[in-house]
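Each chain, written out:
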Amino acid sequence: MSSTPNPSGAVADTGQVELAITGMTCASCAARIERKLNKLDGVTATVNYATEKAKVSFPAALDPQELIAQVEAAGYGASLPAPPPPETTEAGQPGPAPEDDPTRSLRQRLIGSAALAVPVIALAMIPALQFTYWQWISLTLAAPVLVWGAWPFHRAAWANLRHGAATMDTLISMGTIAAFAWSLYALLFGTAGTPGMTHPFEFTIQRTDGAGSIYLEVAAGVTTFILAGRYFEARAKRRAGAALRALLELGAKDVAVLRGGREQRIPVDQLAVGDRFVVRPGEKIATDGVVEEGNSAVDASMLTGESVPVEIGPGDAVVGATVNAGGRLVVRATRVGADTQLAQMAKLVEDAQTGKAEIQRLADRVSAVFVPIVIALAVGTLAFWLGAGGGVAAAFTAGVAVLIIACPCALGLATPTALLVGTGRGAQLGILIKGPEVLESTRRIDTVVLDKTGTVTTGQMDLVEVHTTPGTDRAEALRLAGALEHASEHPIAKAIARGAEQAVGQLPSVEGFTNVEGLGVQGIVDGRAVLVGRSALLEQWSQPLTAELARAKAAAEAEGRTAVAVAWDGQARAVLVVADTVKPTSAQAIRELRALGLTPVLLTGDNEAVARSVAKQVGIDEVIAEVLPKDKVDVVARLQQQGKVVAMVGDGVNDAAALATADLGLAMGTGTDVAIEASDLTLVRGDLRAAVDAIRLSRRTLATIKGNLFWAFAYNVAALPLAATGLLNPMIAGAAMAFSSVFVVSNSLRLRGFRSSIGTSDAPAPATSGQRRPVTAGAR
């Protein structure tokens, strides 16, 4: 865990600290801070651009303030972690508000700049709107955009300049300032400020001294477009830490601890190792411990993925945040706080997110070469024209034209418009894409790892088969067993009661209902003494299973299903089989994933027999079963070490760390908030075919972004020679820039035509698809 400062500002002598970093604008900023920190003797640092945090290991003798000073020397801000609030009450909730300020500030800048930039662009591009003194109105509107709206770019460019680096911020800042500065010069000292001046819509190529040309629409438009892209990026980054918060929220908030023989409610963080506490039916277990009194069934599916609740009794270990589905328990705490399994899973998710390399933006990669070339070309153009005797005005015009034409107007639209249209279309189809870096992953993946429970299967126990002895009416068996199980709260009992109601209708009432701990239930239904539960319960009453029922029970359990015995009138009459059923569309989804060139792998915490049975139904060859949450992370990491690019599809807390570790994480929206927040893509509908649509849509969106970037850069590169030779008419530049932007937007809008495979598939899935079958008698 990260170190925590004491009141004096020092950090406990652990040699590790997690710094909060501010001022980063791209992945190259994170790399620069990392290099700066690693230059200190004995320091090992990893900076995560997505979470804006730096994990630093340092010698005990080093003052952490030196780490902060080193980050500040690189031109960024850093701070030690704040001490945790004393109580997690609503009163403490306003604390995190300052973390939202960067996003709020960007949103305010974007809205304000857009409102001012639209009329500036309209006035410059439509001659009919150019009334007397229109240019001065444009200046008035564009000035706040350049100074206030573009301030983050100017600040970042200055910080980069001080350290000899150039990024997109440098080009944006220089281009917009140059456009505005030359417009100001033309208005004050040239002919552009003359009353009645217009920009005629001409396409002639001729040399000009630029004294009558203004470029205010460039300064205002580029700033607004780039702000839009930065805002959507910042909004996605703000969610980066939500997985950890959601994971820790799963735990119980308070606990009934036994003190002096009496129950006392205390906050769970006051619980100590060795304390004995009470867990009633339906409550979450407060922390990891050992059962001392009571028998029950514990639903651990959120942590282990096991679809069947686990029967526990005295001496059995239990895990915090799991749910007590049965009787009253008294548990002795063995691990609390950071040592619990839930906290360790949170650590796994955090480590996986920190260790995931941030994919460098394509625009940033190109700009690393493009920006220095453009700046050198602008300076070279200015020097050439001065040396050739072209005059200061003409030389400066050509130099500024190079910066203006290179300013990435269409580039600012390339990613955000495609992302907006793609994510908007995805939202209509139940697919939520979290950011541009996700799209790059979808192109490269070749292996898709699928969680079983809740992803391939429904995650809900259902009654799937009824086996009866000769002469026993199937409906009667369901009616009697369903009535008795209806009085129980056990998840398997609920499945039987639900299946019985669907098959025979209203169930009769029960008299003398008794829950036999760990074995089953008994009672009187319609004057008959009925037993439902394990075969051991029936044997206690000398009503053993017949050979036929025993074979049916053994066959069901061999497939990993749960078999429940039923007896009445002094003998065993039926065996009911309960299982987590495969979703009707899972087999079709697997076929479509294979068609995309992906190899499916089934990964589950359930037993081998269940996993093999499910895999056979849906058509998966590779199965990895009986794995713990940490093992899921190891499996994903092992596949990655084999050179595979892995996508993970899951829905439970136990999948969160693996989702974060995988190259691409897809969470079923029907699952837990933890899995959703740790993933890259969320599938709202819970239909596995949505994963196919998500990958197809992401790949299409990425291709669109790349196409947009190519044409944006191609336009710049093609126009640079014209600008350098002084042949670029301002209206040609404006028209070309407008055309480039319109092309990028139109190309992005094509994504609205993306069609889901779910809506187009009308053919019913074959029987092997694992559709939820009606309850059948006898034959399997």
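Computed from a predicted model, the values in this text were never measured in an experiment.

## Things to note about the confidence of the model for the protein
- Scored by pLDDT, the protein comes out at a mean of 78, with 78% of its residues at no less than 70.
- Considering only residues more than four positions removed or in separate chains, one finds that residues 1-13, a stretch of pLDDT under 50, has 25 contacts.

## Examining the sheet that holds strand β10 (residues 310-312)
- Read across the sheet, three strands follow the order β10-β9-β12 without closing on themselves; strand pairing throughout is antiparallel. Edge strands, defined here as strands with exactly one partner in the open sheet, are β10 and β12 (323-324).
- Where strand β9 (residues 296-299) meets β12, two bridges bridge the pair, whose relative direction is antiparallel. Across the sheet, the residue bridging to valine 298 is asparagine 324, located in β12.

## Observations regarding the pattern of salt bridges
- By the definition in use, this model includes 23 salt bridges.
- In this structure, aspartate 254 and arginine 265 form a salt bridge, with 3.0 Å as the shortest nitrogen-oxygen distance. Here arginine 265 lies in strand β6 (residues 262-267) and aspartate 254 lies in strand β5 (residues 254-259), a separation of eleven residues in the sequence.
- Relative accessible area serves as the criterion here: at 45%, arginine 265 is assigned to the partly exposed category.
- Taken together, the salt bridges that share partners define one network made up of Glu476, Arg479, Asp526, Arg528 and Asp569.

## Side note on the pairing of strand β8 (residues 288-293)
- Across five bridges, β8 lies against strand β13 (residues 329-335) in antiparallel orientation. In the sheet register, aspartate 288 faces β13, and the bridge partner there is arginine 335.
- Relative to strand β11 (residues 317-318), β8 runs antiparallel, the two being bridged by two bridges. The partner of glycine 289 across the bridge, within β11, is valine 318.

## Points about the packing of aromatic side chains
- Enumeration according to the criterion identifies four aromatic pairs in this entry.
- Judged by centre distance (5.8 Å) and plane angle (40°), the rings of tyrosine 185 and phenylalanine 189 are tilted. Linking tyrosine 185 with phenylalanine 189, this pair stays in helix α6 (residues 168-189), spanning four residues, or about one helical turn.
- A relative accessible area of 33% places tyrosine 185 in the partly exposed class.
- Ring geometry for phenylalanine 710 against tryptophan 711: centres 5.2 Å apart, planes inclined by 75°, an arrangement best described as edge-to-face.
- Taken together, Trp182, Tyr185 and Phe189 form an aromatic cluster joined through their ring pairs.

## Here's the deal with the nonpolar core
- Judged by nonpolar contacts, the single largest core of 50 residues is most densely connected at Leu450, Val456, Leu602, Leu666, Leu681, Leu683 and Leu688.
- The biggest single contributor to this core is helix α25 (residues 689-724), with nine residues.
- Leaving out residues up to four positions away in the same chain, leucine 688 has contacts with Leu450, Thr455, Val456, Thr585, Ser586, Ala589, Ile590, Val649 and Met668.
- If you look at the next biggest cluster of nonpolar residues, it comprises 46 residues, including Leu139, Ala179, Ile226 and Ala401.

## Focus: helix α22 (residues 629-641)
- Relative to the 18 Å expected for 13 residues at 1.5 Å per residue, α22 spans 19 Å between its end C-alpha atoms, a close match to the ideal helical length.
- Of all the positions in α22, only Pro629, Lys632, Val633, Val635, Val636 and Leu639 are classed as buried. Buried residues in α22, looked at end-on, bunch into an arc of 160°, giving them a common side.
- Phi for glycine 643, located one or two positions after α22, is positive at around 90°.

## Some points on helix α4 (residues 134-149)
- For α4, built from 16 residues, the straight-helix expectation of 22 Å at 1.5 Å per residue is met to within 8% by its first-to-last C-alpha distance of 22 Å.
- The largest bend in α4 comes to about 25°, at alanine 142, with the proline proline 144 one to four residues further on.
- Here α4 has its buried residues at Trp134, Gln135, Ser138, Leu139, Leu141, Ala142, Val145, Leu146 and Gly149.

## Regarding the pairing of strand β24 (residues 646-650)
- In terms of burial, β24 is largely enclosed, as five of its five residues are buried.
- Where strand β15 (residues 447-451) lies against β24, four bridges are found, and the strand directions are parallel. Its bridge partner lying in β24, valine 449 is registered against methionine 648.
- The pairing of β24 with strand β25 (residues 664-668) spans four bridges and is parallel.

## A word on the packing of α4 against helix α5 (residues 151-162)
- Look at α4 against α5: their axes get within 5 Å of each other, and the N-to-C directions meet at 45°. With respect to their mutual orientation, α4 and α5 come out oblique. Contacts from Leu146, Val147, Trp148 and Gly149 of α4 reach α5 at Trp151, Pro152 and His154.
- Its residues placed into classes, the contact of α4 with α5 shows five nonpolar, two polar and no charged.

What counts as what
Residues numbered from 1 in each chain as written. Predicted model: local features only at pLDDT ≥ 70, side-chain atom pairs only at ≥ 80, totals over all residues. Heavy atoms only, no water. pLDDT = per-residue confidence, 0-100. Contact = heavy atoms within 4.5 Å. Pairing = 2+ DSSP bridges. Helix = DSSP H or I, 4+ residues; strand = E, 2+ residues; numbered from the N terminus. Salt bridge = Lys/Arg side-chain N within 4 Å of Asp/Glu carboxyl O. Buried < 20%, exposed > 50% of the residue type's maximum accessible area, 1.4 Å probe, protein only. Phe/Tyr/Trp six-rings, centres within 6.5 Å; stacked < 30°, edge-to-face > 60°. Core = buried A, V, L, I, M, F, W, Y, C linked by side-chain atoms within 4.5 Å. Expected span 1.5 Å × (residues − 1). Arc of directions from axis to C-beta. Bend = angle between axes of the 7 residues up to and from the residue. Axes fitted to C-alpha atoms, helices over the stretch in contact; angles between N-to-C directions. Parallel < 35°, antiparallel > 145°, perpendicular 65-115°, else oblique. Nonpolar A, V, L, I, M, F, W, Y, C, P; charged D, E, K, R; others polar.

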